Amino acid sequence: MSESAWPHNGYLYGVDVPRFRDSNGDGIGDLPGVLERLDYIAELGVSWVWLLPFYPSERRDNGYDVDDHVGVDERFGDVDDFEALVRECHRRGISVLVDLVIHHTSDHHRWFQEGRRDRSSRYGNYYVWADEPVDVPNDVNVFPGEENDVWTYDEAAHGWYHHQFYEFQPDLNLANPEVFEEIVRIGTTWLERGVDGFRLDAAIPAVTKKPTLGTEVDDRVFFQRLRSRLAEVRGDVVLVGEADVHPVAMAPLVHGGQMDAVLDFALNNNVFLALTRENPDAIYLALESLDTAVPPPARVNFMRNADELDLQQLTDEERREVFTAFAPDPEMLLYGRGLRRGWTPMMGNPQRFRMTLSLLAALPGVPLLLQGQELGIGDDLSVEGRGAGRPTMQWADAPAGGFSDRADAPFVLPAQRSGPYDFARVNVERQQGDPRSHLILARTLARLRADACLGILQARRVALPGAPRVLALRTWDKTSPCDTVTLHNLSAMPQPIRLDLRTTTLLGEEWHGDALGGYGFVWLRVLEPGGMA
Ligand code: BGC
């Protein structure tokens, strides 16, 4: 078994293929388009690319309604294009993660179409059926308001199928050994095509018992078996689980080595709480409980993922506080638990956005950026639901923002053509040439965090008397030559800084040596290694 490519020092960079770059002028982004822009991705300081679903799908759920798990949607290219992209990523030292959607299929999937003809057939048994809906407490749909039930009647099957997500996404029964073998086959196919790992979509709902008999799986055993079967194909396969749970529930997913990392919603939620309160305590507390549960290399940090900003890891009262601060308008809210807005518009002030870009890079773990976040891209609340936070990449001040040669490309949203985040103002071409741009900051941060070993070390709190609004973290351990202090002022109010350490400044904004201005931040190298403040 070879050494795993995880953890790593660079960004994990999410690419939503239809919205990234259209190479053939049909208005839809494609795999050759991603390949065309790989140098840009490499220069940003990316070590892993995560390709969001590009499988054949009607895209009623941004591609998570998969029709064929081993195919490539012909709008985006073909398997040869995919393999060429992976080869070129590898040539640049970038590894590739793709989604493994194990919890459900689309209702157009061949398995479901065959299975619904006879519920007790081979494919019928791939899904979760009942003669009548079986109601159990807490078995609720993930998208309240958009989808209110977890059971839908199917005429052909003369029965009800269970769906935790949309009605067009029937749940797979992962307790069925044949389904497990299908998942292994899918994973094997992509590994043979060169991918380095998988994002296990909806990993927790996938292993949660459904309300009928014969649907129970032991999560530890399931993921261990999955890892070991995939490792037979590729010893260093990387598995990153989507796990919107408390740190204590994340721990068993990584401790047995089943998964290399989890997407950490707990820290994300507490970062927003800390920003709301302009006080770092929520982050310190979250880091404490995370550090004992899941080591930093096994945590993927993000500010905004590709869904809503889901605040389920906060208490009701904390969540309300964040809503009050970041969602002045009720149409910004979603599912009673989250926000539809994009990261930059939520920050409002450019310096505040820059401080959070730096904060993301400074947190222990692996930082995830989604395409365009490095530019401070906007959102579009006129788009329904989660689509508001999924903008198309803005390459230049050109028709369709340089995304496509077709000026009326369907994925370019109204908000990208006008307003404070339109592509005339916010684009790669413009920011590349501006040393003070968000893009150049994102690149600088990637280099700094690599030098500071932030992907692997824990961060400890540094005492900072008189500056209660500043998050002060020191990343250091006795086995490593890296010793870095990062300070982030979460508030608009200047804060005095009295640090009892000899340091040199690596990067600072609103940094005056003895004070941090509003939303200022600084990265310091400690010159006397050893010993914590
Ligand atoms: C993805 C969502 C998707 C859901 C169902 C999630 O975790 O991030 O976008 O709707 O899985 O597949």
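The structure under discussion appears in the preceding block.
This one's a predicted model, so the numbers in the text were calculated from it and none came from an experiment. (Residues numbered from 1 in each chain as written. Predicted model: local features only at pLDDT ≥ 70, side-chain atom pairs only at ≥ 80, totals over all residues. Heavy atoms only, no water.)

Peer 1: I'm lost on the sheet that holds strand β4 (residues 129-130) in this one. Help?
Peer 2: Each strand in a sheet pairs with its neighbour through backbone hydrogen bonds, running either in the same direction (parallel) or in the opposite one (antiparallel). Reading across from one edge, β4-β6-β5 is the order of the three strands in this open sheet, with antiparallel pairing throughout. Whereas interior strands pair on both sides, the edge strands pair on one side only; in this sheet they are β4 and β5 (151-154). As defined by bridge partners, β5 adjoins strand β6 (residues 159-162) across four bridges and the pair is classed as antiparallel. Within the sheet, the bridge partner assigned to Thr 152 lies in β6 and is Tyr 161. (Pairing = 2+ DSSP bridges. Helix = DSSP H or I, 4+ residues; strand = E, 2+ residues; numbered from the N terminus.)

Peer 1: Which parts of the structure should I look at to understand the sheet that holds strand β13 (residues 338-339)?
Peer 2: Spatial ordering of the open sheet is given by β11-β13-β12, a layout of three strands whose pairing is antiparallel. Two strands in the sheet have a free side with no partner beyond their single neighbour: β11 (309-310) and β12 (333-334).

Peer 1: Sorry if this is basic, but what is going on with the packing of helix α5 (residues 177-192) against helix α7 (residues 219-233) here?
Peer 2: Describing two packed helices takes the angle between their axes plus the distance from one axis to the other. Look at α5 against α7: their axes get within 10 Å of each other, and the N-to-C directions meet at 35°. For the pair α5 and α7, the sense of crossing is right-handed. Where α5 abuts α7, its residues Phe 180, Glu 181, Ile 183, Val 184, Gly 187, Thr 188, Leu 191 and Glu 192 lie against Phe 222, Arg 225, Leu 226, Arg 229, Leu 230 and Val 233. Residue composition of the contact of α5 with α7, by class: eight nonpolar, two polar and four charged. (Axes fitted to C-alpha atoms, helices over the stretch in contact; angles between N-to-C directions. Left-handed = near helix turned anticlockwise from the far one by under 90°. Contact = heavy atoms within 4.5 Å. Nonpolar A, V, L, I, M, F, W, Y, C, P; charged D, E, K, R; others polar.)

Peer 1: What is the right way to read α7 from this model?
Peer 2: In this model, α7 (15 residues) spans 22 Å end to end at C-alpha, consistent with the 21 Å of a helix rising 1.5 Å per residue. Buried-residue contacts for α7 involve α5, β7 (197-201), α6 (203-206), β8 (238-243) and α8 (247-255). Measuring from the side-chain oxygen of the N-cap residue of α7 to the backbone nitrogen of Arg 220 gives 3.0 Å; that N-cap residue is Asp 218. (Expected span 1.5 Å × (residues − 1). Polar contact = N/O pair within 3.5 Å; in protein donor to acceptor, adjacent residues only side chain to side chain.)

Peer 1: Explain the pattern of salt bridges to me, please; I cannot follow it from the model alone.
Peer 2: What the rule picks out here adds up to 40 salt bridges. As a salt-bridge pair, Glu 242 and Arg 199 come within 3.2 Å of each other at their nearest N and O atoms. In this pair, Glu 242 sits in strand β8 while Arg 199 sits in strand β7, placing the two residues 43 residues apart along the sequence. When salt bridges with common partners are traced through the structure, they connect Asp 39, Glu 88, Arg 91 and Arg 92 into a single cluster. (Salt bridge = Lys/Arg side-chain N within 4 Å of Asp/Glu carboxyl O.)

Peer 1: So what exactly am I meant to see when it comes to the site of the ligand here?
Peer 2: As a matter of local geometry, the ligand sits amid Asp 61, Tyr 64, His 104, Phe 143, Phe 165, Arg 199, Asp 201, Glu 242, Asp 307, Arg 386 and Arg 390. A distance of 3.1 Å separates an oxygen atom of the ligand from a polar side-chain atom of His 104. One of the side-chain N or O atoms of Arg 199 is found 3.2 Å from an oxygen atom in the ligand. Its free accessible area being 310 Å², the ligand has 95% of it covered by the protein chains. Tallied by class, the residues present in the shell around the ligand amount to three nonpolar, one polar and seven charged. (Near = heavy atom within 4 Å. Areas by Shrake-Rupley, 256 points an atom, 1.4 Å probe, with all protein chains shown as cover.)

Peer 1: Can you help me understand the environment of Trp 343 in this one?
Peer 2: Residue placement: Trp 343 occurs in helix α12 (residues 343-347). Residue classification places Trp 343 among the buried positions, given a relative accessible area of 3%. Between the C-alpha atom of Trp 343 and that of Gly 378, which follows or precedes it by 35 residues, the distance is 7.6 Å. If we ignore the near neighbours within four places in the chain, the residues touching Trp 343 are Met 303, Arg 304, Phe 353, Thr 356, Leu 357, Leu 360, Leu 369 and Gln 373. (Buried < 20%, exposed > 50% of the residue type's maximum accessible area, 1.4 Å probe, protein only.)

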